[in-house]
Amino acid sequence: MLKSGFKEIYIVDDNFSTNISRAIKICNLIIEKKIKFPWTLTTGIRVDNVSKEFFHLLKKAGCYRVAFGIESGNQQILDNIGKRTTLEQNIKAVKMAKKAGLETLGFFMIALPGETEKTIQDTIQFSKKLDLTIAKFSIMIPYPDTEIYNEWKKEGRILSEEWSKYNLYKPSQIYKHPNLDWGTINRYYKKAYRE
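Okay, so let's go over this structure. (Residues numbered from 1 in each chain as written. Predicted model: local features only at pLDDT ≥ 70, side-chain atom pairs only at ≥ 80, totals over all residues. Heavy atoms only, no water.)

Bringing the overall build of the protein into the picture now. When helices and strands are tallied, the protein shows seven helices and five strands. Going residue by residue from the N terminus, the α and β elements of the protein occur as β-α-β-α-β-α-α-β-α-β-α-α. For the protein, the spread of C-alpha atoms along the principal axes amounts to about 55 × 35 × 30 Å. Considering the protein as a whole, with its 195 residues, one finds that 42% of them fall into the buried category. Within the protein, counting contacts between residues at least 6 apart in sequence, those at least 24 apart form 71% of the total. As presented, the protein carries roughly 10800 Å² of accessible surface, and 52% of it is formed by carbon and sulfur atoms. Charge-centre separation for the protein: the mean point of 32 positive side chains lies 8 Å from the mean point of 22 negative side chains. (Helix = DSSP H or I, 4+ residues; strand = E, 2+ residues; numbered from the N terminus. Buried < 20%, exposed > 50% of the residue type's maximum accessible area, 1.4 Å probe, protein only. Contact = heavy atoms within 4.5 Å. Areas by Shrake-Rupley, 256 points an atom, 1.4 Å probe, with all protein chains shown as cover. Lys, Arg positive; Asp, Glu negative; His and termini not counted. Charge placed at Lys NZ, Arg CZ, Asp CG, Glu CD.)

Next up on the list: the packing of helix 2 (residues 52-60) against helix 4 (residues 87-99). Between helix 2 and helix 4, the least distance of the axes is 8 Å, while the angle of their chain directions is 40°. Put simply, helix 2 runs oblique to helix 4. In this structure, helix 2 crosses over helix 4, and the sense of that crossing is right-handed. Residue-level contacts link Lys52, Phe55 and His56 of helix 2 to Ala93, Met96, Ala97 and Lys99 of helix 4. When its residues are assigned to classes, the contact of helix 2 with helix 4 shows four nonpolar, one polar and two charged. (Axes fitted to C-alpha atoms, helices over the stretch in contact; angles between N-to-C directions. Parallel < 35°, antiparallel > 145°, perpendicular 65-115°, else oblique. Left-handed = near helix turned anticlockwise from the far one by under 90°. Nonpolar A, V, L, I, M, F, W, Y, C, P; charged D, E, K, R; others polar.)

This next bit is on the environment of threonine 42. Looking at the secondary structure, you find threonine 42 in strand 2 (residues 39-45). Along the chain, threonine 42 and threonine 104 lie 62 residues apart, while their C-alpha atoms are 10.0 Å from each other. Every residue in contact with threonine 42, bar those within four places of it in the chain, is listed here: Tyr10, Ile11, Ala67, Leu105 and Phe107. Here the side chain of threonine 42 touches threonine 40 through a polar contact of 2.7 Å, side chain to side chain. (Polar contact = N/O pair within 3.5 Å; in protein donor to acceptor, adjacent residues only side chain to side chain.)

Moving on, we come to the pairing of strand 5 (residues 134-139). The pairing of strand 4 (residues 103-110) with strand 5 spans six bridges and is classified as parallel. For isoleucine 110, the partnering residue across the bridge sits in strand 5 and is isoleucine 139. Regarding topology, helix 5 (residues 117-130) serves as the crossover connection from strand 4 to the parallel strand 5, and that connection is right-handed. (Pairing = 2+ DSSP bridges. Right-handed = clockwise from strand over helix to strand, strands pointing away.)

Read these as layout, nothing more, since geometry by itself doesn't imply function.
This is how it looks when you write it as structure tokens:
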């Protein structure tokens, strides 16, 4: 591996586990061909179609960290965004991954549709309850031509179309949330990382 100029591989595929038989086949091929390299599933896999056997297979194939797109610690918010997962599925998936010896990374968003201070606090508490290796928070960005962007554009909630501001890692006020002012959103964003 070092001869090839890299030390590990990050698989950036939001759909890696969507077709679970494909994911299993990839892991089995890595094992069968005796290819030894550290790798991670960096962008988040679904929690509704994984099993303890799958996580053990990932570990055996050299995967050391798996990420989950959890988004919220409030079931109503998950339902609002059409996530089609439950809090219980998230708990179970994280536990199985940890039991298999994998590091766990959870992605969370605040200021989602329907969000309130209480639901953001639910998300912060849920992230702590999961006891993840890493918890990553971001402020929801309504990307152009998404359902939420189009809805908020019609309602006059989009404040800027300067696309450089549509950045998950450097949040700036580009919309007016129906329930939360920007100062509150930023306060909870910082609080999530502190806690």
